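Structure assessment
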Amino acid sequence: IKALNVIYQYLYEHPNSAYRAECEAMIEDLKERMDRKDFEAAKLYYTIEEYKAAHYALKNVLKNDAENLYREDIRYYTAMAAYKYALNSVTAKQKERYMIFVDDYYSFVAEYPESDYRPELDALFEKVQKIIK
């Protein structure tokens, strides 16, 4: 963040600099690294099977940076975390928690109808529909 601020300050003070293209490339690289870092940090909860924490952490990544480069992956893992959290819940709370997956599924499909993740999520959605009815 400090590096980005310094580069932006430099570009502000020297708008016609010969290094403008190089500075813009550095900005893009730093933004990509920050987006990846945020995504990977949140996904870590999913990896260690802390699905409730993963769901919140992934949603917070998008809340803090809606333009994250890994948005599709974040949406996918958010839905998967909701599904797995519901699946591992006590029977009395499963229906309520599956509904969270359904909401995440609809959000994902609305935003990424042609995604490679779609077949997997569609299959889980059909499975959940049978469970909650």
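Reading the values: the criteria
- Residues numbered from 1 in each chain as written.
- Predicted model: local features only at pLDDT ≥ 70, side-chain atom pairs only at ≥ 80, totals over all residues.
- Heavy atoms only, no water.
- Helix = DSSP H or I, 4+ residues; strand = E, 2+ residues; numbered from the N terminus.
- Polar contact = N/O pair within 3.5 Å; in protein donor to acceptor, adjacent residues only side chain to side chain.
- Salt bridge = Lys/Arg side-chain N within 4 Å of Asp/Glu carboxyl O.
- 1 Å grid on protein atoms, 1.4 Å probe; cavity = no way out; pocket = protein on both sides within 12 Å on 5 of 7 lines; lining within 4 Å.
- Points joined across faces, edges and corners; volume = space filled by probe spheres on them.
- Nonpolar A, V, L, I, M, F, W, Y, C, P; charged D, E, K, R; others polar.
- Core = buried A, V, L, I, M, F, W, Y, C linked by side-chain atoms within 4.5 Å.
- Buried < 20%, exposed > 50% of the residue type's maximum accessible area, 1.4 Å probe, protein only.
- Contact = heavy atoms within 4.5 Å.
- Phe/Tyr/Trp six-rings, centres within 6.5 Å; stacked < 30°, edge-to-face > 60°.

The next point concerns the side chain of T78. In this fold, T78 is placed in helix α4 (residues 71–87). Only 2.7 Å separates the side chain of T78 from the backbone oxygen of I74, close enough to count as a polar contact.

Inspection of every chain in the model, using the stated rule, returns 7 salt bridges. Two residues, R33 and D29, come together in a salt bridge whose shortest N-O distance is 3.1 Å. Highlighted residues: R33 and D29, both in helix α2 (residues 20–47), separated by 4 residues, approximately one helical turn. The structure contains a network of salt bridges with shared partners spanning R71, R75 and E111.

In this section: the layout of surface pockets. The gaps of empty space that remain are located by a probe, the size of a water molecule, rolled over the atoms. The space that makes up the largest pocket amounts to roughly 160 Å³. Contributing elements (two or more residues each) for the lining of the largest pocket: α3 (51–64), α4 and α5 (91–111). Partitioned by chemical class, the residues of the lining of the largest pocket number 6 nonpolar, 1 polar and 2 charged.

Turning our attention to the nonpolar core. Counting residues in each nonpolar core, the largest one holds 31 residues, and the members touching the most others are Y46, L58, I74, F101, L121 and V128. Going through the elements one at a time, α2, α3, α4, α5 and α6 (118–132) are the ones with two or more residues in this core. In terms of residue count, the dominant contributor to this core is α4 (9 residues). Apart from residues no more than four positions distant in its own chain, Y46 is found in contact with Y51, A54, Y77, M80, A81 and K84. Core analysis: the next-biggest nonpolar cluster, separate from the first, contains 5 residues, L4, L11, C23 and I27 among them.

For the structure shown, the criterion picks out 14 aromatic pairs. Judged by centre distance (5.5 Å) and plane angle (65 degrees), the ring pair of Y83 and F101 falls under edge-to-face. Residue Y83 is found in helix α4, and its partner F101 is found in helix α5; the two are separated by 18 residues along the sequence. The same class applies to Y83 as to F101, namely buried. Relative to F125, the ring of Y105 lies with its centre 4.2 Å away and its plane at 10 degrees, an arrangement referred to as stacked. Here the residue Y105 occupies a position in helix α5, and F125 occupies one in helix α6, the gap between them amounting to 20 residues.

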